[in-house]
Amino acid sequence: MTTAVERQGAFVFKGGPVTLVGPEIKVGDTAPDFTVVGGDLNPVTLADSKGTVRIISVIPSIDTGVCDAQTRRFNEEAAKLDGVTVLTVSVDLPFAQNRWCGAAGIDKVKTVSDHKDLSFGTAYGVAIKEFRLLSRAVFVIDANDKVVHAEYVAAAGEHPNYEAAIAAAQAAK
């Protein structure tokens, strides 16, 4: 993770402040491209879902309580949001993501892994320097790749504002 932008104390993880690497994405920004790995081990990029509204749910690890709840909630919402692509991004390996989704019955959200090179994490400013994990965040990107909602959750144990993200996705359709 070699980038000039570091935001010290921008997130609380394991009870203390940590450094996030990458810029803070704001509403109105053009969504940065990224390359992550899908469950089939093939690359997934922002362009793969171009022309749709995207909700990108970012979590530290699928195997923790709040991350589990966040992914389940967006899976439920995705079933009601026609024309919206929902991605959950973490650095968990695709095998672990697939196992968890199968056990949890997750079938509307697409889990993708940023384990390879933190392409998403550093592009969206959610890469935790000290732990090589991602901080909790939610981004909504319209069909023209403009960010219409960006929420950086303050601490790992806190939930994002699901209603605000869903409202932004509905408004962007």
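Refer to the structure presented above.
Here the structure is a predicted model, which means the values were calculated and not measured.

Q: Help me out: how do you make sense of helix H4 (residues 162–172) in this one?
A: Residues separated by three or four positions in an α-helix point in the same direction, a consequence of the helix having 3.6 residues per turn. Those residues of H4 that fall on the buried side of the exposure criterion are Tyr162, Ala165, Ile166, Ala168 and Ala169. In an axial view of H4, the angular spread of the buried residues amounts to 160°, which keeps them on one side of the axis. Tucked inside the fold, the buried residues of H4 contact strand S5 (53–58), helix H1 (65–78), strand S6 (84–90), strand S10 (137–141) and strand S11 (147–152). Sitting at the head of H4, Asn161 places a side-chain oxygen 3.3 Å from the backbone nitrogen of Glu163.

Q: How should the environment of Gly15 be read in this particular structure?
A: Relative to the helices and strands, Gly15 resides in the loop between strand S1 (6–13) and strand S2 (16–21). Given a relative accessible area of 77%, Gly15 falls into the exposed group. Separated by 146 residues in sequence, Gly15 and Asn161 place their C-alpha atoms 21 Å apart.

Q: Just checking my understanding: could you explain the nonpolar core for this structure?
A: Phe34, Ile56, Val58, Phe120, Tyr124, Val126 and Phe139 are the most contacted members of the largest nonpolar core, which totals 25 residues. Of all the secondary structure elements, the ones that give two or more residues to this core are S5, S6, helix H3 (119–123), S10 and S11. Other than its neighbours up to four places away in sequence, Phe34 contacts Val44, Thr45, Leu46, Ile56, Leu87, Ser119, Phe120 and Tyr124. By size, the runner-up hydrophobic cluster in this structure holds 22 residues, among which are Ile62, Cys101, Ala104 and Ile166.

Q: Where do I start with the state of the cysteines in this structure?
A: Working definition of a disulfide: a covalent bond connecting the sulfur atoms of two cysteines. Evaluation of the coordinates by the stated rule reveals zero disulfides. With no disulfide partner, Cys67 has as its closest neighbouring cysteine sulfur the one in Cys101, 13 Å distant. Judged by relative accessible area, Cys101 falls into the buried class, the value being 10%.

Q: Help me understand the pattern of salt bridges in this model?
A: A side chain of one charge can pair with a side chain of the opposite charge when the charged atoms of the two come close. Throughout the structure, instances matching the rule amount to ten salt bridges. Salt-bridge contacts for Glu163 lead to Arg73; the nearest nitrogen and oxygen are separated by 3.1 Å. A residue pair is termed long-range when its members are at least 10 positions apart, and Glu163 in helix H4 and Arg73 in helix H1 qualify at 90 residues. With a relative accessible area of 22%, Arg73 lands in the partly exposed category. Ionic pairing is found between Lys108 and Asp107, a salt bridge with its closest N-O pair at 4.0 Å. We classify Asp107 as exposed; its relative accessible area is 56%. Among the ionic contacts, a cluster of salt bridges with common partners joins Arg73, Glu77, Lys80 and Glu163.

Q: Help me out: how do you make sense of the packing of H1 against H4 in this one?
A: Helix-helix packing is characterised by the crossing angle of the two axes and by the distance between the axes. Relative orientation of the contacting elements H1 and H4 amounts to 35°, with a least axis distance of 12 Å. Crossing of H1 against H4: the hand is right-handed. Of H4, the residues touching H1 (which contributes Ala69, Gln70, Arg73, Phe74 and Glu77) are Tyr162, Glu163, Ala165 and Ile166. Of the residues belonging to the contact of H1 with H4, the class tally is five nonpolar, one polar and three charged.

Conventions used here
- Residues numbered from 1 in each chain as written.
- Predicted model: local features only at pLDDT ≥ 70, side-chain atom pairs only at ≥ 80, totals over all residues.
- Heavy atoms only, no water.
- Buried < 20%, exposed > 50% of the residue type's maximum accessible area, 1.4 Å probe, protein only.
- Helix = DSSP H or I, 4+ residues; strand = E, 2+ residues; numbered from the N terminus.
- Arc of directions from axis to C-beta.
- Contact = heavy atoms within 4.5 Å.
- Polar contact = N/O pair within 3.5 Å; in protein donor to acceptor, adjacent residues only side chain to side chain.
- Core = buried A, V, L, I, M, F, W, Y, C linked by side-chain atoms within 4.5 Å.
- Disulfide = S-S within 2.5 Å.
- Salt bridge = Lys/Arg side-chain N within 4 Å of Asp/Glu carboxyl O.
- Axes fitted to C-alpha atoms, helices over the stretch in contact; angles between N-to-C directions.
- Left-handed = near helix turned anticlockwise from the far one by under 90°.
- Nonpolar A, V, L, I, M, F, W, Y, C, P; charged D, E, K, R; others polar.

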